[in-house]
Amino acid sequence: MQIWIDADACPAAVKELVFRASRRLQLPVTLVANREMYTPNSRLVRLVRVAKELDAADHYIAQHVEPKDLVITADIPLAAKVVEKQALAIDPRGEIYTDENVQDRLAMRNLMQDLRSNGLVQGGPAQLNDMDRQKFAAALDRSLTKLMRDV
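About the criteria used
- Residues numbered from 1 in each chain as written.
- Predicted model: local features only at pLDDT ≥ 70, side-chain atom pairs only at ≥ 80, totals over all residues.
- Heavy atoms only, no water.
- Helix = DSSP H or I, 4+ residues; strand = E, 2+ residues; numbered from the N terminus.
- Buried < 20%, exposed > 50% of the residue type's maximum accessible area, 1.4 Å probe, protein only.
- Contact = heavy atoms within 4.5 Å.
- Areas by Shrake-Rupley, 256 points an atom, 1.4 Å probe, with all protein chains shown as cover.
- Polar contact = N/O pair within 3.5 Å; in protein donor to acceptor, adjacent residues only side chain to side chain.
- Core = buried A, V, L, I, M, F, W, Y, C linked by side-chain atoms within 4.5 Å.
- Phe/Tyr/Trp six-rings, centres within 6.5 Å; stacked < 30°, edge-to-face > 60°.
- Expected span 1.5 Å × (residues − 1).
- Axes fitted to C-alpha atoms, helices over the stretch in contact; angles between N-to-C directions.
- Parallel < 35°, antiparallel > 145°, perpendicular 65-115°, else oblique.
- Left-handed = near helix turned anticlockwise from the far one by under 90°.

### Let's talk about the overall build of the protein chain
Counting its regular elements, the protein chain contains 5 helices and 6 strands. Its helices and strands taken in sequence order, the protein chain reads β-α-β-β-α-β-α-β-β-α-α from the N to the C terminus. Expressed as a percentage of its 151 residues, the buried residues of the protein chain come to 40%. When contacts within the protein chain are restricted to residue pairs at least 6 apart in sequence, long-range pairs at least 24 apart make up 51% of them. Accessible surface, the protein chain: about 8,700 Å² in total, of which carbon and sulfur atoms supply 50%.

Set out below in structure tokens:
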């Protein structure tokens, strides 16, 4: 069991929460990114650098994730692949992706992408706030408890 972070767009506050959980539970964390970034000095945390190609980090994670792993990502297509492999996925705002909801989220994402490309909707999600961080921390705790119980 390990934690994967789709790290290029993941907020620093979310990464810090994951690093703390990793230390507390002695779980390995792999950040996957297309650039160099901060990682704590820990034998439990590693950074995998991928090519600066579109979705390279997503492809790497999807290829290497195992059942009972946990993936932190805001990318809904990646979350769908993770769930398909019987792993868990959480977005940085604390939404846990499941078999029951990931296809609906994927359809909504595709609709919004179409609306944006046609100029009917502008902008993206709001910046992460304190409530989002709290929701993420609670979802992370619940998910790790479930995974550790099931191992």
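The discussion continues.
### Structural notes on the side chain of Thr-73
Within the fold, Thr-73 resides in the loop between β4 (70-72) and α3 (76-84). Take Thr-73: its relative accessible area is 1%, and that puts it in the buried class. Looking at Thr-73, its side chain comes within polar contact range of the side chain of Asp-6, at 2.9 Å. At 2.9 Å, the side chain of Thr-73 forms a polar contact with the backbone nitrogen of Asp-75. Setting aside residues up to four positions removed in sequence, Thr-73 forms contacts with Asp-6, Leu-78, Ala-79, Ile-90, Asp-91, Pro-92 and Tyr-97.

### A look at the environment of Ala-87
Along the polypeptide, Ala-87 turns up in the loop between α3 and β5 (88-90). Excluding its chain neighbours within four sequence positions, the residues that come into contact with Ala-87 are Val-65, Glu-66, Pro-67, Lys-68, Asp-69 and Val-82.

### With respect to the nonpolar core
In globular proteins that are soluble, nonpolar side chains generally tend to be buried together. The biggest cluster of nonpolar side chains holds 24 residues, and the ones touching the most others in it are Leu-70 and Ile-72. Put simply, the parts of the chain that give this core at least two residues each are β1 (3-6), α1 (12-25), β2 (29-33), β4, β5 and α5 (130-150). Beyond its immediate sequence surroundings of up to four residues, Ile-72 is in contact with Ile-3, Trp-4, Ile-5, Asp-6, Cys-10, Val-14, Val-18, Ile-90, Phe-136 and Leu-140. One finds Trp-4, Val-48, Val-83 and Tyr-97 within the second-largest nonpolar core, a separate group that totals 18 residues.

### Quick notes on the packing of aromatic side chains
Counting across every chain of the model gives 2 aromatic pairs. Between Phe-19 and Tyr-38, the ring centres sit 6.5 Å apart and the planes meet at 70°, which makes this aromatic pair edge-to-face. Placement of Phe-19 in helix α1 and of Tyr-38 in the loop between β2 and β3 (45-49) is noted, with a sequence separation of 19 residues between them.

### A look at α1
The end-to-end C-alpha distance of α1, which contains 14 residues, comes to 20 Å, matching closely the 20 Å that a straight helix rising 1.5 Å per residue would cover. Listed in full, the buried residues belonging to α1 are Val-14, Lys-15, Leu-17, Val-18, Phe-19, Ala-21 and Ser-22. Just beyond α1, the residue with positive phi is Gln-26, at close to 60°.

### Some words on the packing of α1 against α5
Look at α1 against α5: their axes get within 10 Å of each other, and the N-to-C directions meet at 30°. Taken together, α1 and α5 sit at an angle that is classed as roughly parallel. Between α1 and α5 lies a crossing whose hand is right-handed. Residue-level inspection shows Ala-13, Val-14, Leu-17, Val-18, Ala-21, Arg-24 and Leu-25 of α1 in contact with α5, the latter providing Arg-133, Phe-136, Ala-137, Leu-140, Asp-141, Leu-144 and Met-148.

### So, the environment of Pro-92
Along the chain, the position of Pro-92 falls in the loop between β5 and β6 (96-97). A relative accessible area of 9% means that Pro-92 is categorised as buried. Along the backbone, Pro-92 and Ile-5 are 87 residues apart, and their C-alpha atoms lie at a distance of 10.0 Å. Ignoring sequence-local partners within four residues, the contact set of Pro-92 consists of Pro-11, Val-14, Thr-73, Ala-74, Leu-128, Asp-132 and Phe-136.

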